[in-house]
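The lines below spell out each chain.
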Amino acid sequence: HAYADPLGHAAGVLARLERAAAEKQVDADAARFFGPAALVVGAFDLGTDFLAAAVDGLRTAGRLGHLPRLLSLYSGMAARIGDWDVALTAAHEARRLADEFAEPQWAAAADTVSSLVAAMRGDSQKAELMAAQAEMVAEPVGANITMAFAQFGKVLAALATDRHGDAYASADRLFEPTDSAYHPVISSWLIGDLAEAARHIDRLDAARARVAQVETHVGDRPGTWIA
């Protein structure tokens, strides 16, 4: 349900995740499905708990092949709830394992998290560098979700250095169907940053149209991050 329609099914998926989180124990196999489901509906607080349990369980069982993906998702959610040290630790491990297993897509995904945290910490140069590194892997193979995530660090880095035009342009890429960073769900996560950038440049009408577009897509009961 979460992946089939993350916006339309958000309320029902969130209710199911909350019930699962209330249970005393969730095994690693269940947690590795609940965690990504939480990600796509924007329930990052629940998702980090599920994925922490999944990562610990899989590591204990020696099932390391699952870890690059799950660590990349875990680190991305941890970054967004402000747990930067956990985010970077997980991102670095994800990248190391992805390199060992020859999975460049998950290495690139980990780099988008490093970019995001760098931007949040005010290191705009590193944020841009890590985002570009991820894009070099993702764009040639059409990995639009990684391209989308690469824009987050670029947007925040641009906002922090008063490059509002650059911030708007990077955020708006996620809304353009012909762009390699287009993503109809993840774009909604950036609407606040796009609106902030638009206030400083002559793009208010265009930004209002994007806000209306998001409101239409997410309906009356949006996921937690979008809400």
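Right above here is the structure, for reference.
Keep in mind that this is a model prediction, so the values were computed, not measured.

**Some thoughts on the pattern of salt bridges**
Summed over all chains, the structure comprises 16 salt bridges. Of the charged contacts, one joins Asp 111 and Arg 95 as a salt bridge, the two residues approaching to 2.7 Å between their closest N and O atoms. Here Arg 95 lies in helix H5 (residues 84–100) and Asp 111 lies in helix H6 (residues 104–120), a separation of 16 residues in the sequence. The class of Asp 111 is buried, set by a relative accessible area of 2%. A residue is classified by how much of its surface remains accessible, and Arg 95, at 25% relative accessible area, is partly exposed. Between Arg 210 and Asp 172 there is a salt bridge, with its nearest N and O atoms 2.8 Å apart. In this pair, Arg 210 is assigned in helix H11 (residues 204–218) and Asp 172 in helix H9 (residues 164–172), connecting sequence segments 38 residues apart. Asp 172 matches Arg 210 in its accessibility class, with the two residues each being buried. Through salt bridges with shared partners, a single ionic network connects Glu 135, Lys 154, Arg 173 and Asp 179.

**Topic: the nonpolar core**
Formed by 52 residues in total, the largest nonpolar core has its most connected members in Leu 71, Phe 152, Leu 174, Ile 186, Trp 189 and Leu 194. A per-element tally of this core places helix H4 (residues 67–80) first, with eight residues. Ignoring anything within four residues of it in the chain, the contact list for Leu 71 reads Val 55, Arg 59, Ala 90, Glu 93, Ala 94 and Leu 97.

**Topic: helix H3 (residues 44–60)**
An ideal rise of 1.5 Å per residue puts 24 Å on 17 residues; H3 measures up with 24 Å between its terminal C-alpha atoms. Here H3 has its buried residues at Phe 44, Leu 46, Gly 47, Thr 48, Phe 50, Leu 51, Ala 54, Val 55 and Leu 58. Residues of H3 that are buried make contact with helix H1 (10–22), helix H2 (28–40) and H4. Of the residues trailing H3, Gly 62 is marked for its positive phi of about 75°.

**Focus on the environment of Gln 133**
Along the polypeptide, Gln 133 turns up in helix H7 (residues 124–138). With relative accessibility at 30%, the residue Gln 133 sits in the partly exposed group. On a C-alpha basis, the gap between Gln 133 and Ser 115 in space is 9.5 Å, while along the polypeptide they are 18 residues apart. Once residues within four sequence positions are removed from consideration, Gln 133 is found in contact with Arg 95 and Asp 111.

About the criteria used
Residues numbered from 1 in each chain as written. Predicted model: local features only at pLDDT ≥ 70, side-chain atom pairs only at ≥ 80, totals over all residues. Heavy atoms only, no water. Salt bridge = Lys/Arg side-chain N within 4 Å of Asp/Glu carboxyl O. Helix = DSSP H or I, 4+ residues; strand = E, 2+ residues; numbered from the N terminus. Buried < 20%, exposed > 50% of the residue type's maximum accessible area, 1.4 Å probe, protein only. Core = buried A, V, L, I, M, F, W, Y, C linked by side-chain atoms within 4.5 Å. Contact = heavy atoms within 4.5 Å. Expected span 1.5 Å × (residues − 1).

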